[in-house]
Amino acid sequence: MYASCVGKRFQLEHCWVILRKEPKWQFERASQHQRSNKKQKSHVNVSPTSSASSTPDSVSLEEDSEPLIYQDRPIGQKPATEQLKRRQGKDKVGELTVTNLLQQFRDTLVEIEDQKKQDRKIILEQQAMMIQQSQEKQELDRIEKEEQIMKMDISNLDPISATYFQNRKLEIMQKRGFNF
């Protein structure tokens, strides 16, 4: 067909083998097939192989044994852009999407800040608890040392150490509420 129209052999047959199944060319072949069927109505019993030229350089489009698949041709870039503009013009999809995304972003930031505040509060509570436990432990250690001093036998100590521990015992008793 190409040789009869152009006058020379089709040079890109390897490309045609790859592209013949693409939707664009399926559409073209289908429309050519419909046009050729309209033309062939006046001819009865015409086979596609008899109408094709039998020269070795020619390429027949009808040599495919696969049936034609009539798929919709994919939409081009310009029509897709126009559809998008029309849709955005009608219901402002783009603006709503951006607004929704911004609101979601703000909500996420607020949630993150709330979580940070809660985490800080928990950390401060844990630190306060650790400080309180440490203070309680120190108090227990102090009481234990005071008990050891109160139980101490000072009769075997030198006079200076005995006086020191005697004074400490008196301080402890005053702190506990014993008045002499």
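Since the model is a prediction, treat every value here as computed from it, not as a measurement.

Asks: Mind showing me how you'd approach the overall build of the protein here?
Replies: Counting its secondary structure elements, the protein contains seven helices and zero strands. Reading the helices (α) and strands (β) of the protein from amino to carboxyl end gives α-α-α-α-α-α-α. Of all 180 residues assigned to the protein, the portion counted as buried reaches 9%. Nonlocal contacts in the protein, meaning residues at least 24 apart in sequence, comprise 50% of its contacts between residues at least 6 apart.

Asks: Would you mind going over the pattern of salt bridges with me for this structure?
Replies: A side chain with one charge can pair with a side chain of the opposite charge if their charged atoms come near. Applying the stated criterion across every chain yields a total of seven salt bridges. The residue Glu146 makes a salt bridge to Lys175 at a minimum N-O spacing of 3.0 Å. Residue Glu146 is found in helix H6 (residues 93–151), and its partner Lys175 is found in helix H7 (residues 159–175); the two are separated by 29 residues along the sequence. Salt bridges sharing common partners tie together Glu139, Arg142, Glu146, Glu147, Lys175 and Arg176.

Asks: Can you walk me through the side chain of Lys169 in this structure?
Replies: On the secondary structure map, Lys169 appears in helix H7. Ignoring any residue separated from it by four or fewer positions in sequence, one finds Lys169 in contact with Ile149, Met150, Met152 and Ile154.

Asks: What am I meant to see in the nonpolar core here?
Replies: What tends to happen in soluble globular proteins is that the nonpolar side chains get buried as a cluster. One finds Ile149, Ile154, Ala162, Phe165 and Ile172 forming the largest nonpolar core, which totals five residues. The contact partners of Ile154, leaving out residues within four places of it in the chain, are Ala162, Phe165, Gln166 and Lys169.

Asks: Where do I start with H7 in this structure?
Replies: Along an α-helix, a turn takes 3.6 residues, which lines up residues three or four apart on a common side. Between the first and last C-alpha of H7 there are 24 Å, a value that for 17 residues agrees with the 24 Å anticipated at 1.5 Å per step. Among the residues of H7, Ala162, Phe165, Lys169 and Ile172 are the ones counted as buried. Angular distribution of buried residues about the axis of H7 spans 90°; they occupy a single face of the element. For H7, the exposed residues set more than 90 degrees away from the buried face come down to Pro159, Ile160, Gln174 and Lys175. Phi for Gly177, located one or two positions after H7, is positive at around 105°.

Asks: Honestly, a nonpolar patch on the surface in this entry has me stumped. Any pointers?
Replies: Residues Ile18, Leu19 and Trp25 make up a contiguous nonpolar surface patch of about 290 Å² in total accessible area. Within the fold, Leu19 resides in helix H2 (residues 13–19).

Asks: Please explain the packing of aromatic side chains as it appears in this structure.
Replies: How two aromatic rings sit relative to each other is set out by the distance from centre to centre and by the angle between their planes. Counted under the stated rule, the structure contains two aromatic pairs. Where Tyr2 meets Phe10, the ring centres are 5.0 Å apart and the plane angle is 70°; that geometry is what we call edge-to-face. With relative accessibility at 24%, the residue Phe10 sits in the partly exposed group. With a centroid separation of 5.1 Å and an interplanar angle of 75°, the aromatic rings of Tyr164 and Phe165 are classed as edge-to-face. For Tyr164, a relative accessible area of 48% translates into the label partly exposed.

Asks: In this structure, what is going on with the confidence of the model for the protein? I would like to understand it.
Replies: As a note on interpretation, predicted positions should not be read in detail where pLDDT is low. Chain-level pLDDT for the protein is 77 on average; 68% of the residues reach the 70-or-more range. When pLDDT is averaged over each element of the protein, H6 comes out on top at 90 and helix H4 (residues 48–51) at the bottom at 43. Contacts from residues 41–60, a stretch scored under 50 in pLDDT, to residues over four places away or in other chains number six contacts.

Conventions used here
Throughout this description, residue numbers start from 1 for each chain and increase along the sequence as written. Two thresholds apply to this predicted model, a pLDDT of at least 70 for residue-level local features and 80 or more for giving and counting side-chain atom pairs, whereas whole-chain, interface and lining totals are computed over all residues. Excluded from the side-chain calculations are hydrogens and water; all other atoms, namely the structure's heavy atoms, are used. Only DSSP runs of H or I covering at least 4 residues are called helices, and only runs of E covering at least 2 are called strands; the numbering of each starts at the N terminus. Relative accessibility under 20% of the residue-type maximum defines a buried residue, over 50% an exposed one, and the middle range a partly exposed one, all with a 1.4 Å probe and only protein chains included. Residue contacts are counted whenever heavy atoms from the two residues lie within 4.5 Å of one another. Salt bridges are defined as contacts in which a side-chain nitrogen from Lys or Arg sits within 4 Å of a carboxyl oxygen from Asp or Glu. In these notes, a set of buried Ala, Val, Leu, Ile, Met, Phe, Trp, Tyr and Cys residues joined through side-chain atoms within 4.5 Å is what counts as a nonpolar core. A helix's residues, less one, multiplied by 1.5 Å, set its expected span. Starting at the helix axis, one direction is taken to each C-beta atom, and the arc is that of these directions. For patch detection, residues must exceed 30% relative accessible area and be free of salt bridges, and they are connected within 9 Å for like charges or within 5 Å for nonpolar side chains (Val, Leu, Ile, Met, Phe, Trp, Tyr). Throughout, the Shrake-Rupley method with a 1.4 Å probe supplies accessible areas, and for residues the shown protein chains are the sole cover considered. Aromatic pairing here means that ring centres of Phe, Tyr or Trp (its six-membered ring) are within 6.5 Å. Orientation follows from the plane angle: under 30 degrees is stacked, over 60 is edge-to-face, and everything else is tilted. The pLDDT value tells you how sure the predictor is about a given residue, anywhere from 0 up to 100.

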